[in-house]
Amino acid sequence: MQSDWLFIALFLLIVAAFPGVPILLAGILGPRRPNSIKNSVYECGIETVGNTWIQFRIQYYIFGLTFLVFDVELVFLFPWAVAFNSLSLFGVIAGILFILILFIELLAAWRKGVLEWV
Amino acid sequence: MSFLTDPINAIADWLESLLLSLGLTSQAVTILMTLLGAIVVGSFGLMLVIFLIWVERKVYARIQDRLGPNRVGPWGILQTFPDMIKIFTKEYITPIGADKVPYNLAPILSVSAVLLAWAVIPFASTVVGSDINVGVLYIVAVGAIGTLGIILAGWSSNNKYALLGAFRTVAQMVSYEVPMVLALLIPVLLARSMGVNSIVQSQQVWYILLAPIAAFFFFITSIAETGRAPFDLLEAESEIIAGYQTEYSGLKFGMFFVGEFLHAFTISALTVTLFLGGWRGPWSEQVPLLGTAYFFIKTFIVYFIVLWVRISLPRLRIDQMLNFNWKFLTPIALVMLMATAVLEKILSTWLPTLRLTDSGVILIRTITHLGLNVLVAAGVIYLLRSYTIRREKVGQPRPLAVAPEPPASVLE
């Protein structure tokens, strides 16, 4: 069990090194002749106007929020599914009620027009 | 004999005894062996990409009635090596005003997130990187890091098109994670375990028969997670240049592609592991090497289907794609989860009272689950049909997009 988590920890380091080291090497080996035209932002050849990091459409934010609500609640269902054998009838019904609340939440969001792309 | 049936473990045992005889402590040996195992799994994944790039190009070319790479090596199989050397010697161009740290971190994240999932995929009954008991949760958690890498790339490039790509990522990849997690819950429920290897071991009958809807949903949503056609809105060439990777060059650009190719193979491997029995097959328990062969044969079949989908289908529009996710996949996946839970509870209380043989229990479980899936699918098709018929009766096609009313002054 411990060696399994040791594997994950070492794998994290190795997996970061595998793409990281070639990128570093290529940066050392490759040419480096920057100039202001080459380094300018590529937007179809037209000169860029204004700041990039501006206010964006609220739509994306709403989808992000809806996702967050669902994902946080779904994490609670994993232990429920694993311990399914030892659950009493009440435990199963409680879990199903929890999913039902999620479902109603989705329908409410649908009704409110949150899921509409405008 | 043991070397013939299970070479990887035989080599590992031999190395371990060799290291112990050299006078190292057992702790140091464990750390060294684990490190070696991690290096083997990681480099195997990356070596695979070299082959996968060739497979993908060749399959594409044949479907499009072209020849594909055919000059370097037999059937062009070595074509990837000159390409690699070429991309290795290219210059990095960093746009003015880019946010340096996330800009350089993003390609590394997008590869490593995909590679991380390989830690828990079992290649045979005895060959698995790390058999942790929260494997499925680990896969979900690691999958989310890849999305983060793409968002970082789009945000830090200081390019408006790249930023649009990042926004689309939020709308698409993040949304498709909800039905994916829901579909993943069903094999967890059926196996009563989150460990990937124990899910494979519990599949006396492949879970695609017990949960075809979940398997189908997982397949679709994980294709959407890879960000390839028909879900390639985040790098739609005809709309936003190349999306999040517009400002990348050289090997940093290449790393995004390594991540994408490997991701396509990883989702095939995950589909096989969770729904198609993984390494299971005749005599795979006795001869683990045979299990590895089954695993890769199945994975390449699924991988071919992934490529086939990519080459056949056109790109979706963003509102269609989000409607498909939130109004089709998510509700049905929620209903499926509830129905499966109820059926499992009924079966687990009712079946032991019947005193059936093991194969009888498996048969009843398979038939009832399959019946439930057919029932839900029929209900969904009925609902969709009645919705369409109602719209036809009204005689008004649903507007594609709501155009704003022209101001009154224009009308006059």
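This report concerns the structure included in the present document. (Residues numbered from 1 in each chain as written. Chains lettered and ligands numbered in written order. Predicted model: local features only at pLDDT ≥ 70, side-chain atom pairs only at ≥ 80, totals over all residues. Heavy atoms only, no water.)

Now for the overall build of chain A. Broken down by element type, chain A carries 4 helices and 0 strands. Ordered by position from the N terminus, the helices and strands of chain A form the series α-α-α-α. Scaling as 2.2 N^0.38, a compact globule of 118 residues should have a C-alpha radius of gyration of about 13 Å, whereas chain A reaches 25 Å, well beyond that. Projected onto its principal axes, the C-alpha coordinates of chain A cover approximately 70 × 50 × 15 Å. Taken over 118 residues, chain A has a buried fraction of 36%. Within chain A, residue pairs in contact and separated by at least 24 positions form 59% of the contacts whose partners lie at least 6 positions apart. Here chain A has roughly 7500 Å² of accessible surface; of this, 71% comes from carbon and sulfur atoms. Here chain A contributes 6 positively and 7 negatively charged side chains, and the mean placements of these two sets differ by 13 Å. (Helix = DSSP H or I, 4+ residues; strand = E, 2+ residues; numbered from the N terminus. Rg over C-alpha atoms; globule rule 2.2 N^0.38 Å. Buried < 20%, exposed > 50% of the residue type's maximum accessible area, 1.4 Å probe, protein only. Contact = heavy atoms within 4.5 Å. Areas by Shrake-Rupley, 256 points an atom, 1.4 Å probe, with all protein chains shown as cover. Lys, Arg positive; Asp, Glu negative; His and termini not counted. Charge placed at Lys NZ, Arg CZ, Asp CG, Glu CD.)

What follows deals with the overall build of chain B. Looking only at helices and strands, chain B has 16 helices and 0 strands in total. Summarising its shape, the C-alpha atoms of chain B cover approximately 95 × 70 × 40 Å along the three principal directions. Buried positions account for 53% of the 412 residues belonging to chain B. Restricting the contact set of chain B to residue pairs at least 6 apart, pairs at least 24 apart contribute 75%. With an accessible surface of roughly 18700 Å², chain B has 70% of that area assigned to carbon and sulfur atoms.

Right, let's get into the environment of Leu 383 of chain B. All names here are of chain B. Inspection of the secondary structure assignment puts Leu 383 in helix α15 (residues 358-394). Leu 383 gets classed as exposed once you look at its relative accessible area, which sits at 57%. In this structure, the C-alpha to C-alpha distance between Leu 383 and Leu 105, residues 278 residues apart in sequence, is 47 Å.

Let us now look at helix α13 (residues 288-312) of chain B. Across its 25 residues, α13 of chain B extends 36 Å between first and last C-alpha, which sits within 8% of the 36 Å expected from 1.5 Å per residue. By the burial criterion, the buried members of α13 of chain B are Pro 288, Gly 291, Thr 292, Phe 295, Phe 296, Lys 298, Thr 299, Val 302, Tyr 303, Val 306 and Leu 307 of chain B. (Expected span 1.5 Å × (residues − 1).)

On to the packing of aromatic side chains, then. One pass over the full model with this rule turns up 29 aromatic pairs over all chains. Where Trp 80 of chain A meets Phe 84 of chain A, the ring centres are 5.6 Å apart and the plane angle is 85°; that geometry is what we call edge-to-face. Residue Phe 84 of chain A is classed as buried on the basis of its relative accessible area, which comes to 1%. Between the aromatic rings of Phe 123 of chain B and Phe 296 of chain B, the centroid separation amounts to 6.0 Å while the plane-to-plane angle is 10°, which identifies the pairing as stacked. On the criterion of sequence distance, the pair formed by Phe 123 of chain B in the loop between α5 (100-116) and α6 (135-156) and Phe 296 of chain B in helix α13 is long-range, its members being 173 residues apart. Exposure remark for Phe 123 of chain B: the relative accessible area of 9% places this residue in the buried category. Residue classification places Phe 296 of chain B among the buried residues on the basis of a relative accessible area of 17%. Here the aromatic cluster, defined as three or more aromatic residues joined through ring pairs, consists of Phe 44, Phe 51, Trp 54, Trp 118, Phe 123, Phe 265, Phe 295, Phe 296, Phe 300 and Tyr 303 of chain B. Its end group placed over the ring of Tyr 92 of chain B, Lys 252 of chain B keeps NZ or CZ at 4.4 Å from the ring centre. (Phe/Tyr/Trp six-rings, centres within 6.5 Å; stacked < 30°, edge-to-face > 60°. Lys NZ or Arg CZ within 6 Å of the ring centre and 35° of its normal.)

When the parts come together, some accessible area is lost, and that loss is often what is quoted as the size of the interface. On the side of chain A, 71 residues touch chain B, which itself brings 84 residues to the contact. For chain B, the biggest contributors to the area lost against chain A are Glu 91, Lys 160 and Trp 326 of chain B; these three give 10% of the whole. In this structure, the connection of chain B to chain A is made through 1 salt bridge. At the junction of chain B and chain A, the tally comes to 5 residue pairs in polar contact (both at pLDDT 80 or more). Looking at the side of chain B that touches chain A, the elements that each hand over two or more residues are α3 (26-63), α5, α6, α7 (160-191), α12 (250-275) and α14 (318-350) of chain B. Grouping the amino acids of the side of chain B that touches chain A by side-chain chemistry returns 49 nonpolar, 20 polar and 15 charged. (Buried area = accessible area lost by both parts, 1.4 Å probe. Salt bridge = Lys/Arg side-chain N within 4 Å of Asp/Glu carboxyl O. Polar contact = N/O pair within 3.5 Å; in protein donor to acceptor, adjacent residues only side chain to side chain. Nonpolar A, V, L, I, M, F, W, Y, C, P; charged D, E, K, R; others polar.)

Time to look at the pattern of salt bridges. Residues and elements named next belong to chain B. Summed over the entire model, instances satisfying the criterion amount to 8 salt bridges over all chains. Across the pair Arg 228 and Glu 56 runs a salt bridge, and its minimum N-O distance is 2.7 Å. With Arg 228 in the loop between α10 (212-226) and α11 (237-240) and Glu 56 in helix α3, the pair connects residues that are 172 residues apart, well separated along the chain. Each member of the pair, Arg 228 together with Glu 56, is buried.

Looking at the element boundaries, Gln 172 of chain B is found in helix α7. Those residues in contact with Gln 172 of chain B that lie beyond four places of it in its chain are Ala 224, Gly 227, Phe 231, Leu 233, Leu 234 and Met 321 of chain B.

What follows covers the packing of α3 of chain B against helix α4 (residues 80-88) of chain B. Residues and elements named next belong to chain B. Remark: α3 packs on α4, axes separated minimally by 10 Å, with the N-to-C direction vectors making an angle of 115°. One finds that α3 runs roughly perpendicular with respect to α4. For α3 against α4, the interelement crossing comes out right-handed. Facing Ile 50, Ile 53, Trp 54 and Arg 57 of α3, the residues of α4 in contact are Thr 80, Phe 81, Asp 83 and Met 84. Grouping the amino acids of the contact of α3 with α4 by side-chain chemistry returns 5 nonpolar, 1 polar and 2 charged. (Axes fitted to C-alpha atoms, helices over the stretch in contact; angles between N-to-C directions. Parallel < 35°, antiparallel > 145°, perpendicular 65-115°, else oblique. Left-handed = near helix turned anticlockwise from the far one by under 90°.)

Nonpolar side chains collect at one region of the surface, where Phe 56, Ile 58, Tyr 61, Leu 65, Leu 68, Val 72 and Phe 76 of chain A lie side by side and expose about 720 Å² of accessible area between them. When its relative accessible area of 48% is taken as the criterion, Tyr 61 of chain A is described as partly exposed. (Patch = residues over 30% accessible without salt bridge, like charges linked within 9 Å, V, L, I, M, F, W, Y side chains within 5 Å.)

We now examine the side chain of Glu 344 of chain B. With respect to the helices and strands, the residue Glu 344 of chain B is situated in helix α14. Residue class for Glu 344 of chain B comes out buried when judged on its relative accessible area of 2%. Within the structure, Glu 344 of chain B has its side chain in polar contact with the side chain of His 369 of chain B (distance 2.7 Å). With residues up to four places along the chain from it excluded, the contact list for Glu 344 of chain B reads Phe 84 of chain A together with Leu 189, Leu 190, Arg 192, Arg 365 and His 369 of chain B.

On to α6 of chain B, then. Under the 1.5 Å per step criterion, the end-to-end length of α6 of chain B is 32 Å for 22 residues, consistent within 8% with the ideal 32 Å. The positive-phi residue at the C-terminal boundary of α6 of chain B is Asn 158 of chain B, with phi of around 60°.

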